[in-house]
Amino acid sequence: MTYDNSPATHASMPLSAGDWELDPLHSAVNFTIRHLGIAKVRGRFADVQASLHVGETADAIKVGAEIALASIDTGNPDRDAHTRSADLLDVEKRPTMSFASTRVFGDGEEWSMEGDLTIGGVTRPVTLAVEFGGVVDSPADQRRHAGFEATGEIRRSDFGLDFGTGFLGDVVKVQLDMQFVEPQGQGG
């Protein structure tokens, strides 16, 4: 999700230094989890805040996100209400899930991002595979937009979320489709 000082990497990852803002209308945080070990339940989180700080080197890239767990949407209001309850996520005790990158590395379209994921006061390291979708000037707002897809897996049990054993799988697959807008006054 960033670039280093080599000319080839600059050419393949043309992001201006600065704080890029999330385009929430073109971003999504989705997940899948196994139910009864035989089928997948898919869902998303609707309330997502994210930041992308691009520095002069790869070491200066920082990505952060905060997700309101109460914004879960699996397409079934009764299931969502139960998932928010004290039986499962307990959003009263665990209102948010947050991520802070610790390292971003790669080249071209393929990158990796390591970071710390916190759910309910429990923090664990995670690694996401990141695909850089490119940068384009948007005709809608005349600003440059950059697109990324990040995928990975987390284990619920690593965060003390081991409810529903036998009904719900431990592994949660995550897919983030994120679009960021270049800082005002920048451009390439």
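Residues numbered from 1 in each chain as written. Predicted model: local features only at pLDDT ≥ 70, side-chain atom pairs only at ≥ 80, totals over all residues. Heavy atoms only, no water.

Visitor: For this particular structure, what's the right way to read the pattern of salt bridges?
Guide: Opposite charge on two side chains lets them pair, provided their charged atoms get close. With the rule as written, the count across this model stands at 5 salt bridges. A salt bridge links Arg143 to Glu21, with the shortest nitrogen-to-oxygen separation between them at 3.4 Å. One end of the pair, Arg143, is in the loop between strand E9 (122-137) and strand E10 (144-155); the other, Glu21, is in strand E1 (residues 18-22), and 122 residues separate them in sequence. Taking relative accessible area as the criterion, Arg143 reaches 16% and is therefore assigned buried. The exposure class assigned to Glu21 is partly exposed, which follows from its relative accessible area of 42%. (Salt bridge = Lys/Arg side-chain N within 4 Å of Asp/Glu carboxyl O. Helix = DSSP H or I, 4+ residues; strand = E, 2+ residues; numbered from the N terminus. Buried < 20%, exposed > 50% of the residue type's maximum accessible area, 1.4 Å probe, protein only.)

Visitor: Got a minute to help me understand unusual backbone geometry in this structure?
Guide: Trans is the prevailing form of peptide bonds, just as negative phi is the prevailing case for residues other than glycine. Notably, Asp90 is not glycine yet its phi reads approximately 55°, a positive angle. Assignment of secondary structure puts Asp90 in the loop between helix H2 (77-84) and strand E7 (96-107). Exposure remark for Asp90: the relative accessible area of 11% places this residue in the buried category. The phi dihedral of Gln142 is positive, around 55°, even though this residue is not glycine. The exposed category is assigned to Gln142, whose relative accessible area is 63%.

Visitor: How should the packing of aromatic side chains be read in this particular structure?
Guide: Here a ring pair, both rings aromatic, is described through the centre-centre distance and the interplanar angle of the planes. Following the criterion strictly, the structure yields 3 aromatic pairs and no others. Consider the rings of Phe31 and Phe45, whose centres lie 5.4 Å apart with planes at 40°: the pair is tilted. Here the residue Phe31 occupies a position in strand E2 (residues 28-35), and Phe45 occupies one in strand E3 (residues 39-45), the gap between them amounting to 14 residues. The exposure class assigned to Phe31 is buried, which follows from its relative accessible area of 11%. For Phe45, a relative accessible area of 8% gives the class buried. Ring centres of Phe132 and Phe148 lie 5.4 Å apart, and the angle between their planes is 40°; on these two criteria the pair is classed as tilted. Within this pair, whereas Phe132 is found in strand E9, its partner Phe148 is found in strand E10, the two being separated by 16 residues in sequence. Here Phe132 matches Phe148 in class, with each residue buried. Aromatic ring contacts, followed pair by pair, group Phe132, Phe148 and Phe180 into a single cluster. Taking the ring centre of Phe105 as reference, the NZ or CZ of Arg103 above it sits at 3.9 Å. (Phe/Tyr/Trp six-rings, centres within 6.5 Å; stacked < 30°, edge-to-face > 60°. Lys NZ or Arg CZ within 6 Å of the ring centre and 35° of its normal.)

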